[in-house]
Amino acid sequence: MRHSLLVLIAVLLLVSETVFSQTLGELTVEKIMRDPKWIGSSPSGLSWSPDSKTIYFSWNPDKAPADSLYKITLQNRVPQKVSKKERLALPPFNGVYNRAFSKMVYEKNGDLYLYDVANSKSTQLTNTVSRESGVSFSGDEKKIIYSFDQNLYAWEIATGHVTQLTDFRKGKKATSPTLNDQEKWLRQDQLTTLQVIKERNDRQNAVRKLQKEEQPKRPKEIYIDDKSVDLSRLTPDGNFVVFRLSKSATAKNTIVPNYVTASGFTEDISGRTKVGAPLGTSELFVYDIKRDTVLQVKTDSIPGITDAPAFAKDYSKKESKKDGKDKKPSLRQVSFSGPAWSDDGSYAVLQLRAADNKDRWIALLDVATQKLTVVDRQHDDAWVGGPGGFYLGWISNSRLWFVSEESGYAHLYSYDVSTHTKKALTSGKYEVQQAELSRSKKFFYITTNEVHPGEKHFYKLSVDGGKAERITTLSGAHEVELSPDEKMLAFRYSYTNKPWELYLMENKARAKPQQITNSISSEFKSYPWRDPVVTAFKARDGQDVYTRVYKPAKPNGAAVIFVHGAGYLQNAHKWWSSYFREYMFNNLLADKGYTVLDIDYRASAGYGRDWRTGIYQFMGGKDLTDHVDGAAWLVKEYGVDPKRIGIYGGSYGGFITLMGLFTTPDVFAAGAALRPVTDWAHYNHGYTSAILNTPVADSIAYAKSSPIYHAAGLKGALLICHGMVDVNVHFQDVVRLSQRLIELGKDNWELAVYPMEDHAFVEPSSWTDEYKRILKLFEENLNQKK
């Protein structure tokens, strides 16, 4: 009896320990900043097999060190781990199909394969040390075209015969020495005077002529000097090759010192350039195979190619007053993408983008004449952008389709090259964020936020436009992978407080989705995670600013505003956030009585062109005043004490935090700036030049937008956290700001450094340390109870 009682007690203790371990209890920083595997691993990387029978995805339900490949079939929808043998034999999921979708060519491990869809069989075509790439079918689908060592080749399917199509060579072509007048005279005199010399010369010339006549036909030697060649494309008729030559600029690169290394020595990480550094150039050429000639595709006839950007006019007036004359307009540098050919090969279409980010042209290319005919020009005095900017293709042999922000929102358009007419296929105050043409070319499948800016749904749309048919219905976001036969949808779905899971459903409206995975841990589910209120407040200019509000059960009168990063990103939405750690931390703050606000400020994604470009030439302008207006809204609507409002965020969020504390110091009592940009002149070119132009061309924009110039305004408590091996926003940024704060005599700030962390922290210990400091900052400066 005593033994049975002891056994029962042991079992009860074991059960209670198991239950306790699966219950999260009160939130703490230490709990929520553990390795994210404690939450559960969501499936990712969904892909269909070419026969539409199997779905593959990455998943880690066992909390292994890394994800594994799993699969389900339409007949067996229970996830199964894919064996190593099967995984290694799988074709990649991004191959190129023929027009009938019966065969697919692909590159794997640098070798080429041909896949037969009907019998699910792959045939290896090459086995080489060097890599073949850029594989596609020829226009008549009798050959496979690919690149090898920068040259283009054709592999004939029927015979296996390989033909080299181009002969690009580095350096300059060697030429015979040029004779001066004296040397020419002497040579001619020798040939005229001495018979043996003349006979030998004639024999040599005859031999050379014969050798040339008997040589097999080879592609023209094209010398590219110090440039690199890419985007080589054979025209469908096989008569021309379109290719791009690019030359890298000589620009000074940054270095990022890595202090904590396995070697024990400080090691330098080669970094990026800074905004305004010299840019590389690219040119487009056509190689006429029959005529054995190479000619450049000129851009001088493109509408607006010499236009100076609008912002430069004021600077130009000042410069012309200095030197007393106007500068002659020059051709702007452009980058090329494409070409894409219509199925019958009649037309080729390219996209060109101005290096100054102000223009995107869509143009037809006549390869025989190298002439460009622009069919659409999207100009923006700020910068051309938005979702879907590179979606482009052919609906038929005479109709192409593309996405443009012409209306102020990203929408789908068609253009008929025979009638020269453009048609909007979608319209309204929402964005087409993804678009795919059906295999039949009768429908588009599009993802939009038409239902709500914070939701993503999947639609079917006729290629002629009209009312789109909504397929998905769950509130939140859907990341859809359409089966190749277009009968089924596999998608990742999530909601605000529910992480991503895999679902399967028929491709038809009102079909019932089936949840396939259950990834989330019992421990995570044990806590009642908030479903923040998604609402909007009015900014000072009358615009609606979407936001999420975390309401505390027992308000303490204080508030914290979280600022998402990246600038062009969305976070006041109804799906599981990529900022899941911050989401959990905001729940912790709300548990402690803080009202938490999460704003899709000016420049956030999802709200159209005007919202996207609202920070042009002034970062820390409307994006910051949106947060200031949000703080005032919290005071009015939630009774928050205006003297107890904090702010925090990382990257761009860290930048806004600094600008808030420096330029509106009476609004925010405390702030945590994580990995912040402190001076935009030290950030990268691609992102910064679009928004602020370049420091040399638009110095005023940089002076207005960079926190280091406004540091004198700091009043509240400031915490700065930064990884020392950050190759995105360099640690140098906070070092320079620290020196500035020291020079200004500021003593209400502190800097926490993380020697082994990049821009995105990896180690749970680093996340824990960082967020314990943030919590301490707010508790000491905002929470009167403390």
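Only a predicted model underlies this, so the values are computations on that prediction, with no experimental measurement involved.

The rules behind each value
- Residues numbered from 1 in each chain as written.
- Predicted model: local features only at pLDDT ≥ 70, side-chain atom pairs only at ≥ 80, totals over all residues.
- Heavy atoms only, no water.
- Helix = DSSP H or I, 4+ residues; strand = E, 2+ residues; numbered from the N terminus.
- Buried < 20%, exposed > 50% of the residue type's maximum accessible area, 1.4 Å probe, protein only.
- Contact = heavy atoms within 4.5 Å.
- Pairing = 2+ DSSP bridges.
- Phe/Tyr/Trp six-rings, centres within 6.5 Å; stacked < 30°, edge-to-face > 60°.
- Lys NZ or Arg CZ within 6 Å of the ring centre and 35° of its normal.
- Polar contact = N/O pair within 3.5 Å; in protein donor to acceptor, adjacent residues only side chain to side chain.
- Salt bridge = Lys/Arg side-chain N within 4 Å of Asp/Glu carboxyl O.
- Axes fitted to C-alpha atoms, helices over the stretch in contact; angles between N-to-C directions.
- Parallel < 35°, antiparallel > 145°, perpendicular 65-115°, else oblique.
- Expected span 1.5 Å × (residues − 1).
- Core = buried A, V, L, I, M, F, W, Y, C linked by side-chain atoms within 4.5 Å.
- Patch = residues over 30% accessible without salt bridge, like charges linked within 9 Å, V, L, I, M, F, W, Y side chains within 5 Å.
- Areas by Shrake-Rupley, 256 points an atom, 1.4 Å probe, with all protein chains shown as cover.
- pLDDT = per-residue confidence, 0-100.

## Notes on the overall build of the protein chain
Thinking step 1. Per the secondary structure count, the protein chain includes 15 helices and 44 strands.
Thinking step 2. Seen along its three principal axes, the alpha-carbon backbone of the protein chain occupies a region of about 120 × 80 × 65 Å.
Thinking step 3. Counting all 786 residues of the protein chain, 49% fall into the buried class.
Thinking step 4. Within the protein chain, residue pairs in contact and separated by at least 24 positions form 57% of the contacts whose partners lie at least 6 positions apart.

## Quick look at the sheet that holds strand E5 (residues 96-97)
Thinking step 1. Here 4 strands make up an open sheet; going across it, the order is E5-E6-E7-E8 and the pairing antiparallel. Both outer strands of the open sheet, E5 and strand E8 (121-124), are each paired with one neighbouring strand and no more.
Thinking step 2. Here E5 runs beside strand E6 (residues 103-108); their pairing, made up of 2 bridges, is antiparallel. Each residue of the ladder has a partner; that of Val96, found in E6, is Val105.

## Some remarks on the packing of aromatic side chains
Thinking step 1. What the rule picks out here adds up to 44 aromatic pairs.
Thinking step 2. Ring geometry for Trp383 against Tyr616: centres 6.4 Å apart, planes inclined by 45 degrees, an arrangement best described as tilted. Highlighted residues: Trp383 in the loop between strand E24 (371-379) and strand E25 (392-394) and Tyr616 in the loop between helix H9 (609-612) and helix H10 (622-638), separated in sequence by 233 residues.
Thinking step 3. According to the relative accessible area criterion, Trp383 is buried, its value standing at 11%.
Thinking step 4. Residue classification places Tyr616 among the buried positions, given a relative accessible area of 17%.
Thinking step 5. With 5.1 Å between their ring centres and 75 degrees between their planes, Phe655 and Trp680 make a pair best called edge-to-face. Residue Phe655 is found in helix H11 (residues 652-663), and its partner Trp680 is found in the loop between strand E42 (670-674) and helix H12 (685-692); the two are separated by 25 residues along the sequence. Each member of the pair Phe655 and Trp680 is classed as buried.
Thinking step 6. Linked through ring pairs, Phe562, Tyr579, Phe585, Tyr648, Tyr754, Phe761, Trp767, Tyr771 and Phe778 together constitute an aromatic cluster.
Thinking step 7. Over the face of the ring belonging to Tyr413 we find Lys422, whose NZ or CZ atom lies 5.7 Å from the ring centre.
Thinking step 8. In this structure, Lys704 packs its charged tip against the face of Phe618, placed 4.7 Å from the ring centre.

## Observations concerning the side chain of Arg602
Thinking step 1. With respect to the helices and strands, Arg602 occurs in the loop between strand E40 (595-599) and H9.
Thinking step 2. Reaching out from Arg602, the side chain makes a polar contact with the side chain of Asp541 at a distance of 2.8 Å.

## Concerning the environment of Leu331
Thinking step 1. Within the secondary structure layout, Leu331 lies in the loop between helix H6 (312-323) and strand E21 (334-341).
Thinking step 2. Take Leu331: its relative accessible area is 46%, and that puts it in the partly exposed class.
Thinking step 3. Not counting residues within four places of it along the chain, the set of residues in contact with Leu331 comprises Asp300, Ile305 and Thr306.

## Quick look at the pairing of strand E16 (residues 240-247)
Thinking step 1. With 7 of 8 residues buried, E16 lies mostly within the body of the structure.
Thinking step 2. Across 5 bridges, strand E15 (residues 228-234) lies against E16 in antiparallel orientation. In the sheet register, Val229 faces E16, and the bridge partner there is Leu245.

## Here we look at the pattern of salt bridges
Thinking step 1. For the structure shown, the criterion picks out 43 salt bridges.
Thinking step 2. Ionic pairing is found between Glu107 and Arg131, a salt bridge with its closest N-O pair at 3.2 Å. Residue Glu107 is located in strand E6, and its partner Arg131 is located in the loop between E8 and strand E9 (132-137); the two are separated by 24 residues in the primary sequence.

## Some words on the packing of H10 against H11
For any two helices packed against each other, the geometry comes down to the angle between their axes and how far apart the axes lie.
Thinking step 1. Remark: H10 packs on H11, axes separated minimally by 10 Å, with the N-to-C direction vectors making an angle of 70 degrees. In this view, H10 runs roughly perpendicular relative to H11, as classed from their interaxial angle. For the pair H10 and H11, contact is made by Asp623, Leu624 and His627 and by Tyr652, Phe655, Ile656, Met659, Gly660 and Thr663, respectively.

## A closer look at unusual backbone geometry
Most peptide bonds take the trans configuration, and most residues that are not glycine carry a negative phi.
Thinking step 1. Of note, the amide linkage connecting Gly338 to Pro339 takes the cis form, showing an omega dihedral of 5 degrees.
Thinking step 2. Inspection of the secondary structure assignment puts Pro339 in strand E21.
Thinking step 3. Look at Ser52: it is not a glycine, yet its phi comes out positive at around 65 degrees.
Thinking step 4. Phi angles above zero are rare outside glycine, and Asp149 is one such case at about 50 degrees.

## A closer look at the sheet that holds strand E36 (residues 514-515)
Pairing between sheet strands relies on hydrogen bonds along the backbone, with the strands arranged either parallel or antiparallel.
Thinking step 1. One open sheet holds the 4 strands; their spatial order is E33-E34-E35-E36, and the pairing between them is antiparallel. For this open sheet the edge positions go to strand E33 (477-482) and E36, each flanked by a neighbour on one side alone.
Thinking step 2. In the sheet, strand E34 (residues 488-495) pairs with strand E35 (residues 498-506) via 7 bridges, with the strands oriented antiparallel. Counted as the bridge partner of Ala490 is Leu504 from E35.

## Topic: H11
Thinking step 1. Between the first and last C-alpha of H11 there are 16 Å, a value that for 12 residues agrees with the 16 Å anticipated at 1.5 Å per step.
Thinking step 2. Burial analysis of H11 places 11 of its 12 residues in the buried class, the great majority of the element.
Thinking step 3. Those residues of H11 that fall on the buried side of the exposure criterion are Tyr652, Gly653, Gly654, Phe655, Ile656, Thr657, Leu658, Met659, Gly660, Leu661 and Phe662.

## Quick word on the nonpolar core
Thinking step 1. Among the nonpolar cores identified, the biggest contains 60 residues, and Ile561, Phe662, Phe668, Trp680, Leu718 and Leu741 are the most heavily contacted of them.
Thinking step 2. In terms of residues, this core owes the most to one element, H11, which gives 7 residues.
Thinking step 3. In contact with Phe662, not counting residues within four places along its chain, are Pro707, His710, Ala711, Gly713, Leu714, Leu718, Leu737 and Leu741.

## Digging into a nonpolar patch on the surface
Thinking step 1. On the surface, Tyr259, Val260 and Met756 cluster together into a nonpolar patch covering about 320 Å² of accessible area.
Thinking step 2. Inspection of the secondary structure puts Tyr259 in the loop between strand E17 (255-258) and strand E18 (267-270).

## Description of the environment of Ser228
Thinking step 1. Topologically, Ser228 is positioned in strand E15.
Thinking step 2. Here the alpha-carbon distance between Ser228 and Lys247, two residues 19 residues apart in the chain, equals 6.5 Å.
Thinking step 3. Those residues in contact with Ser228, other than ones at most four positions away along the chain, are Gln150, Lys170, Arg244, Leu245 and Ser246.

## Examining the pairing of E24
Thinking step 1. As judged from the 8 bridges shared by strand E23 (residues 359-366) and E24, these two strands associate in the antiparallel manner. In the strand pairing of E24, Ile362 is matched with Asp376.
Thinking step 2. Following E23, the chain reverses through 4 residues before pairing antiparallel with E24; Gln370 in that reversal takes a positive phi of roughly 65 degrees.

## Considering the confidence of the model for the protein chain
Low pLDDT marks stretches whose predicted atomic positions should not be read closely.
Thinking step 1. Per-residue pLDDT for the protein chain averages 93, and the proportion of residues at 70 or more is 95%.
Thinking step 2. Counting interchain partners and residues more than four positions distant, the pLDDT-below-50 stretch residues 5-20 has 0 contacts.

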